[in-house]
Structures are given as C-alpha cells and as structure tokens.
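Analysis of the macromolecular model
Residue strings, one per chain:
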Amino acid sequence: MDKKDIKWSEIGFGYMSADYRFQADWKDGKWNEGALTTEDKITISECAGVIQYAQTCFEGLKAYTWKDGSIVTFRPELNAERMQNSARRLMMPEVSTEMFLRALDETVKANAAWVPPYGTGATLYVRPCLFGSGPVIGVAPAPEYIFRLFVTPVGPYFKGGIKPLKICVSDYDRAAPHGTGDIKAGLNYAMSLYPGQLAHSNGYAENMFLDAATRTNVEETGGANFLFVTKDGKLVTPKSSTILPSITRRSLVYVAKEYLGLEVEERVVPFEEVSEFAEIGVCGTAAVISPVGEIDHKNGKIMVPSGMNEFGPVLKKLRETLVGIQMGDVEAPEGWIRKIM
Ligand code: PLP
Ligand code: COI
C-alpha cells in the first residue's frame, strides 16, 4: 500500500477529507450495523437535536504507523468508555465498545494510505462523534442519532511545534460544578471559543481555566489537562470533578510511576502554588505534551523556570517515553496498543 502524496512533516492540525468514514444510525430504539461510506457530507433535519439543543459529543484518538509498517491505536477502549459516559449525560444512546472498535478498525484500515509514515511527526487523528439527528422542537432528547467516525492526518496542535507556550488565566469559566466539564460535550467547546479567541488575539496560545466555584484552583485548558513538576522532581496533576479525564494524563501518571520511578500526586492544585513549580506542561491526544513557558494573570506573570526555549527535563523524558510507547519504540504496558493491521 502506497501512502498518499502529502508533505507529512509540514502539515498542521487541520481537516482533510480522507477516503472513508463509518456511520451507524439509531432509530426506533436501536442501532443499525453501521458501514463505511465515501460520502463526507451528512444530511439531517433542520430541527435536529444537535442543531437546536447542542446534543452532541465527540472523542479524539490517534493511529500511528510503526517502523515495521504496522498501524496501531492507543487505548481506544478508554475513548469508547468516555463516549458512553458523555452519551448518558446528554441523553443519547450509548455506542457499545464493540461498535466503537469495529468502526475504528474498519475506518483506519480503509484509510491506511492516510496514516502518516513513521518518523514524520504526523499522525492520523480519529474523530468519533455522536449527535441527535432527528427533529425535536420542545426541549427533549432527539428521536434519532448518528454515530460517525472519521479520520484526518494531523501535525502538531500548537503552531511552532513543541516550543514552550505562553498562556493566560481566563476571566471566563469552562465548566460549572456538577455541570458537563467531565464529559466531551460539544457545548463545552462552543463556550470556550470566545475566551479562546480573546486569548489568541492577545498573543496567548491557550487559556488556563480556574475552578468556577472558587476561582482559586487550576482546572485545565480548552483542550488539554495540566502537568506540573515540583522542584524536587515530583509530577503533580490537578484532580477535579469538572475537568475531562484525559487518557493521555492517566497514561502519563502510570508511565511516570512505573517507567520513570517518579512520585506522582493527583490532587487539587491551588493557583497560588503554580509559581513554585519547576516545569509546567499541558497534555492530551492533540497536544501530546506541550511545555508551558509563561502564564500571565491579572496580578502579573509567572515565568516558568524551564524557560521559553526548552522543554524541562522531566516533561521531556515523559514525552519521549509516551511517544516511544505509541510509536512502538518502547515496550507498552499490557493492553495499551491495539494493532489494526
Ligand atoms: N481536556 C480537554 C478539555 C480536552 O478536550 C482533551 C482532549 O481530548 C483533553 C483534556 C485531553 O484528553 P485526552 O488525553 O483523552 O485526549
Ligand atoms: C483531543 O486532544 O483529541 C481533543 O479533542 C482536543 C481538541 C480541542 C482538539
């Protein structure tokens, strides 16, 4: 199989329409089998639940080409489980892990030519999404749903690759206590667009959101969880019921303990403590681990000791180990890699 003729190492984080995608439809109380299609457009009711009341959630994971040419994904069962949690909270029918993995395997295999070659720095981003497609006019769950899974090759999420980011503390909140911050609902991202645009127009790559209830503790960015390293080399990551349970972060906690022998604390992180850390980063499927060099807030600036030019040594090692596992160069823990072909 020949790969597509794309300048893989030059692509950014954008959408390209690949050859195939998977769609299953929920109607009359059940899912059909679902199938691959080449059609990249979807036709739905003007009164669809997704259009009227934002009844939609999504996932994000990646497929990788290994040195030997095989194609794999990373812990997709956890994405299936998280999408089931999102579906329940938004009153949508769950997509079974079986259907989720079948859609993933079939779509990635059919688009093998789109999975960036080993060593290019690019990967295939997989976007499963679930939304209300049937008509509702009174506020209620939609009568019909679509599960769609498509793929697009991507490069680094942040412009400038993995240069340390300059971010700011947002004046807006991302998620309410007992709200939807812990699921991957489209509405969480819609409301982050305005603060995101404000941050970008002021020269920041991202927002740091604080907890909505007290505005004293670190939550996450619009699309990634935080990682901190103390001066004595401990990994600290915020624990909160209103942030997305990042699969990357959960994996890094394991890698830090079991591969690098680091001490790890998953706990509330007061914003006041942030200036004391030696290294700061954000992590997620799209972000992988990106270092943070500066955090601006209404009372001043925090210049992270690792600086604006380099990755700090602990986060660098964590990133290399995780990427090594994902790319097949470091042995993975049992069950973390799903080989597709
Ligand atoms: N937090 C938010 C708000 C996200 O959108 C994402 C991306 O999925 C993450 C964290 C990171 O999660 P994961 O590592 O599962 O991709
Ligand atoms: C991901 O990392 O997969 C995400 O969904 C983040 C998104 C904001 C691009």
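First, a word on scope: everything that follows refers to the structure included in this document. (Residues numbered from 1 in each chain as written. Chains lettered and ligands numbered in written order. Predicted model: local features only at pLDDT ≥ 70, side-chain atom pairs only at ≥ 80, totals over all residues. Heavy atoms only, no water.)

Some details on the packing of helix α2 (residues 76–89) against helix α3 (residues 97–110)
Packing of α2 against α3 leaves a shortest axis separation of 9 Å and a crossing angle of 130°. Considering their axes alone, α2 and α3 lie oblique with respect to each other. Along this stretch, α2 crosses α3, giving a crossing that reads as right-handed. Two secondary-structure elements touch here, α2 through Pro-76, Glu-77, Asn-79, Ala-80, Met-83 and Gln-84 and α3 through Thr-97, Phe-100, Leu-101 and Leu-104. Split into classes, the residues belonging to the contact of α2 with α3 amount to 6 nonpolar, 3 polar and 1 charged. (Axes fitted to C-alpha atoms, helices over the stretch in contact; angles between N-to-C directions. Helix = DSSP H or I, 4+ residues; strand = E, 2+ residues; numbered from the N terminus. Parallel < 35°, antiparallel > 145°, perpendicular 65-115°, else oblique. Left-handed = near helix turned anticlockwise from the far one by under 90°. Contact = heavy atoms within 4.5 Å. Nonpolar A, V, L, I, M, F, W, Y, C, P; charged D, E, K, R; others polar.)

What about the site of ligand 2?
Taken together, Phe-58, Gly-60, Tyr-125, Arg-127, Tyr-157, Lys-184, Gly-223, Thr-285 and Ala-286 form the complete shell of residues around ligand 2. In this structure, Tyr-125 approaches ligand 2 through a side-chain N or O atom, which is 2.6 Å from an oxygen atom. Here an oxygen atom of ligand 2 sits 2.7 Å away from a polar atom, N or O, in the side chain of Lys-184. The fraction of the free accessible surface of ligand 2 (280 Å²) that becomes covered by protein chains is 89%. Considered class by class, the residues forming the shell around ligand 2 number 4 nonpolar, 3 polar and 2 charged. (Near = heavy atom within 4 Å. Polar contact = N/O pair within 3.5 Å; in protein donor to acceptor, adjacent residues only side chain to side chain. Areas by Shrake-Rupley, 256 points an atom, 1.4 Å probe, with all protein chains shown as cover.)

Things to note about the packing of aromatic side chains
If you walk through the whole model with that rule in mind, you get 13 aromatic pairs. Judged by centre distance (4.8 Å) and plane angle (90°), the rings of Phe-13 and Tyr-157 are edge-to-face. Of this pair, Phe-13 sits in the segment before β1 (21–27) while Tyr-157 sits in the loop between β8 (145–154) and β9 (165–169), and the two are 144 residues apart along the sequence. Ring centres of Tyr-15 and Phe-150 lie 5.7 Å apart, and the angle between their planes is 90°; this geometry places the pair in the edge-to-face category. One end of the pair, Tyr-15, is in the segment before β1; the other, Phe-150, is in strand β8, with 135 residues separating them in the sequence. Look at Tyr-15 and you get exposed, because its relative accessible area is 51%. Taken together, Phe-13, Tyr-125, Tyr-157 and Phe-158 form an aromatic cluster joined through their ring pairs. (Phe/Tyr/Trp six-rings, centres within 6.5 Å; stacked < 30°, edge-to-face > 60°. Buried < 20%, exposed > 50% of the residue type's maximum accessible area, 1.4 Å probe, protein only.)

Quick word on the environment of Arg-82
As for its placement among the helices and strands, Arg-82 is situated in helix α2. With a relative accessible area of 7%, Arg-82 lands in the buried category. C-alpha separation for the pair Arg-82 and Ile-71, spaced 11 residues apart in sequence, amounts to 23 Å. Not counting chain neighbours up to four residues away, the residues in contact with Arg-82 comprise Glu-59, Lys-184, Leu-244, Pro-245, Ser-246 and Ile-247.

Let's talk about the site of ligand 1
Neighbouring ligand 1 are 16 residues; Tyr-189, Glu-220, Ser-246, Thr-248 and Thr-285 lie closest to it. The protein chains hide 96% of the 380 Å² of surface that ligand 1 would expose on its own. For the shell around ligand 1, the class distribution of residues is 5 nonpolar, 7 polar and 4 charged.

Describing the environment of Gly-196
Within the secondary structure layout, Gly-196 lies in helix α5 (residues 193–201). Assessed through its relative accessible area of 15%, Gly-196 is described here as buried. Between the C-alpha atoms of Gly-196 and Thr-221, which are 25 residues apart in sequence, the distance is 9.5 Å.

Take it as geometry only, folks, not as evidence of what the structure does.
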